[in-house]
Amino acid sequence: MNNKPAPLNYPAIKRRKFFVNTVKATGVLLLAPLVNKASNFIAADESYTVGQVMDMFIKQVPGGALTNTVDTLKSGNRDIKITGIVTAMFATIEVIRKAIDLGANFIIAHEPTFYNHADDTKWLENDEVYKYKANLLKEHNIAVWRNHDYIHTLRPDGVTQGVLDQLQWQQYADKKLPNIVTLPPASLSDLIGHLKTRLDIQMVRYIGNPAQVCSRALLIPGAAGEERHINGINQVKPDVLIIGELHEWETAEYVRDARAKGDKIALVVLGHIASEDAGSEFMMTWVKKNVPGIKVTRVKPGNSLSFM
């Protein structure tokens with residue numbers, strides 16, 4: 001019997017338009033269960049090309065290849081034989097240099113390489129930073145594949161799984177909707193302390209009483225947008241909403257007004273990178289499992305911004 005809930009049709013997220021799985025039968029959004037297991041393995045003594053690894057991952061995604069996606073090669077080509085793989089949140093110049101040092105020629109990145117969501121480079125043709133980075137990749141014949149839409153379309157979402165693992169919250173996550181986490185009761189202050197320690201964050205932004213008790217949490221990494229945040233609050237009724245990134249005039253103002261109305265909802269803003277970087281750990285584990293014999297390394301680009 002198929003009990004998998006049908007997805008809700010939320011409006012497209014302004015910046016992202018990334019693929020999220022939501023549920024209708026229970027009235028709550030988020031994810032459907034179970035990652036498909038790998039099929040069609042290549043013998044361990046054979047070499048792999050970039051295209052073969054890309055196709056292997058895509059075959060495990062419900063629905064297979066997407067027709068409208070940003071998950072394309074940003075450098076290199078599908079026929080490059082892989083000497084090593086680096087998984088990272090961003091293919092920064094520092095990450096590229098690390099890949100070169102490791103003898104790796106395939107970078108699987110979650111976010112854009114060239115400073116905009118679609119990696120459009122026409123406007124950057126005369127930009128010295130762009131040219132340096134593009135030439136560095138070309139000189140060393142490095143392929144960069146953005147894996148954003150596909151990893152978010154896995155069931156459950158691969159980034160969320162990576163974050164739950166790093167937070168050591170898997171045992172508390174809902175089995176069908178792992179973005180809903182029921183934790184042992186703790187103060188908001190202690191919860192924030194755990195987030196900072198486990199995710200290696202110097203500071204977070206928050207709304208709420210540090211002493212208030214939190215147990216039911218809604219975890220939405222990345223930049224999901226205000227509609228998903230606010231709909232999630234209304235549907236899940238969490239004590240605390242934990243997100244990656246927001247526009248300050250949207251979700252934060254809603255939470256401020258909700259608290260003024262008398263609601264006990266709290267908000268924790270981790271930062272986009274901090275909230276999704278653990279997805280690169282998930283990706284590294286996937287490569288180890290599905291691409292035997294290829295050296296894979298997770299490289300952390302760290303936060304581009306510092307706190308003063």
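Owing to the predicted nature of the structure, the values given are computational and were not obtained by experimental measurement.

Calculation criteria
Residues numbered from 1 in each chain as written. Predicted model: local features only at pLDDT ≥ 70, side-chain atom pairs only at ≥ 80, totals over all residues. Heavy atoms only, no water. Patch = residues over 30% accessible without salt bridge, like charges linked within 9 Å, V, L, I, M, F, W, Y side chains within 5 Å. Areas by Shrake-Rupley, 256 points an atom, 1.4 Å probe, with all protein chains shown as cover. Salt bridge = Lys/Arg side-chain N within 4 Å of Asp/Glu carboxyl O. Buried < 20%, exposed > 50% of the residue type's maximum accessible area, 1.4 Å probe, protein only. Axes fitted to C-alpha atoms, helices over the stretch in contact; angles between N-to-C directions. Helix = DSSP H or I, 4+ residues; strand = E, 2+ residues; numbered from the N terminus. Parallel < 35°, antiparallel > 145°, perpendicular 65-115°, else oblique. Contact = heavy atoms within 4.5 Å. Nonpolar A, V, L, I, M, F, W, Y, C, P; charged D, E, K, R; others polar. Pairing = 2+ DSSP bridges. Right-handed = clockwise from strand over helix to strand, strands pointing away. pLDDT = per-residue confidence, 0-100. 1 Å grid on protein atoms, 1.4 Å probe; cavity = no way out; pocket = protein on both sides within 12 Å on 5 of 7 lines; lining within 4 Å. Points joined across faces, edges and corners; volume = space filled by probe spheres on them.

K.L.:
Would you explain a nonpolar patch on the surface in this entry?
P.N.:
On the surface, Y115, W123 and V129 cluster together to form a nonpolar patch covering roughly 350 Å² of accessible area. The class for V129 is partly exposed, based on a relative accessible area of 46%.

K.L.:
How do you make sense of the packing of helix α1 (residues 50–59) against helix α10 (residues 279–290) when you look at a structure like this?
P.N.:
For any two helices packed against each other, one specifies the crossing angle of their axes together with the interaxial distance. One way to put it is that α1 packs onto α10 with a least axis distance of 12 Å and a crossing angle of 105°. Taken together, the axis directions place α1 and α10 in an arrangement best described as roughly perpendicular. Where α1 approaches α10, its residues V53, M56 and F57 are matched on the opposing element by M283, W286 and N290. Partitioned by chemical class, the residues of the contact of α1 with α10 number 5 nonpolar, 1 polar and no charged.

K.L.:
Looking at this model, I keep getting lost on the sheet that holds strand β2 (residues 85–88). Mind explaining?
P.N.:
Taking strand neighbours across the sheet as the criterion, the 5 strands line up as β1-β4-β3-β2-β10 in an open arrangement whose pairing is mixed. With partners counted over all chains shown, the strands left at the sheet margins are β1 (73–75) and β10 (296–298), one partner each. Neighbouring strand axes in the sheet, compared pairwise and without regard to direction, differ in orientation by 25° on average. With respect to the sheet, α10 is in contact with β2, β3 (106–109) and β10, its orientation differing from that of β10 by roughly 170°.

K.L.:
Looking at this model, I keep getting lost on the pairing of strand β9 (residues 266–269). Mind explaining?
P.N.:
If a strand is regular, its side chains alternate between the two faces of the sheet. Of the two faces of β9, the one carrying A266 and V268 and the one carrying L267 and V269 are both buried. Pairing of strand β6 (residues 205–207) with β9, which is carried by 3 bridges, proceeds in the antiparallel orientation. Residue I207 lies in a different strand from β9, and its bridge partner there is L267. Pairing analysis gives 4 bridges linking strand β8 (residues 240–243) to β9, with the strands arranged parallel. Across the sheet, residue V240 finds its bridge partner in β9, namely A266. Between the parallel pair β8 and β9, the chain is carried across by helix α8 (residues 251–261), and the sense of this crossover is right-handed.

K.L.:
Teacher, can you tell me more about the sheet that holds β6 here?
P.N.:
Spatial ordering of the open sheet is given by β5-β7-β8-β9-β6, a layout of 5 strands whose pairing is mixed. Each edge of the sheet is formed by a strand with only one pairing partner; in this case those strands are β5 (180–187) and β6. In this sheet, neighbouring strand axes are inclined to one another by 25° on average, regardless of whether the strands run parallel or antiparallel. As defined by bridge partners, β5 adjoins strand β7 (residues 213–220) across 5 bridges and the pair is classed as antiparallel. Bridge pairing links I180 to L218 in β7.

K.L.:
Please explain the packing of helix α7 (residues 226–236) against α8 as it appears in this structure.
P.N.:
In the contact formed by α7 and α8, the axes pass within 9 Å of each other and the chain directions differ by 25°. Taken together, the axis directions place α7 and α8 in an arrangement best described as roughly parallel. The segment α7 lies against α8, with E226, H229, I230, I233 and N234 engaging T251, Y254 and V255. Of the residues contributing to the contact of α7 with α8, the split by class is 4 nonpolar, 3 polar and 1 charged.

K.L.:
I tried to follow the confidence of the model for the protein chain on my own but got confused; where do I start?
P.N.:
Reading predicted coordinates in detail is not appropriate for stretches of low pLDDT. Counting all residues, the mean pLDDT for the protein chain is 88, and 85% of those residues have values of 70 or more. Between residues 1–45, whose pLDDT stays under 50, and residues either more than four places distant or in other chains, the model counts 112 contacts.

K.L.:
Would you mind going over unusual backbone geometry with me for this structure?
P.N.:
Of the consecutive residues R155 and P156, the connecting peptide bond is found in the cis state with omega at -5°. Topologically, P156 is positioned in the loop between α4 (149–153) and α5 (158–167). The residue K237 is not glycine, and still its phi comes out positive at about 55°. By secondary structure assignment, the location of K237 is in the loop between α7 and β8.

K.L.:
Help me out: how do you make sense of the layout of surface pockets in this one?
P.N.:
Gaps left between atoms are located by rolling a probe of water-molecule size over the structure's atoms. Reported here for the largest pocket is a volume of approximately 1,000 Å³. I273, A274, G302, N303 and S304 are the residues nearest the centre of the largest pocket, which is lined by 38 residues in total. Elements represented by at least two residues in the lining of the largest pocket include exactly α6 (188–199) and α9 (272–276). Of all the elements, α9 adds the most residues to the lining of the largest pocket, at 3 residues. In the lining of the largest pocket, the residues fall into 16 nonpolar, 11 polar and 11 charged.

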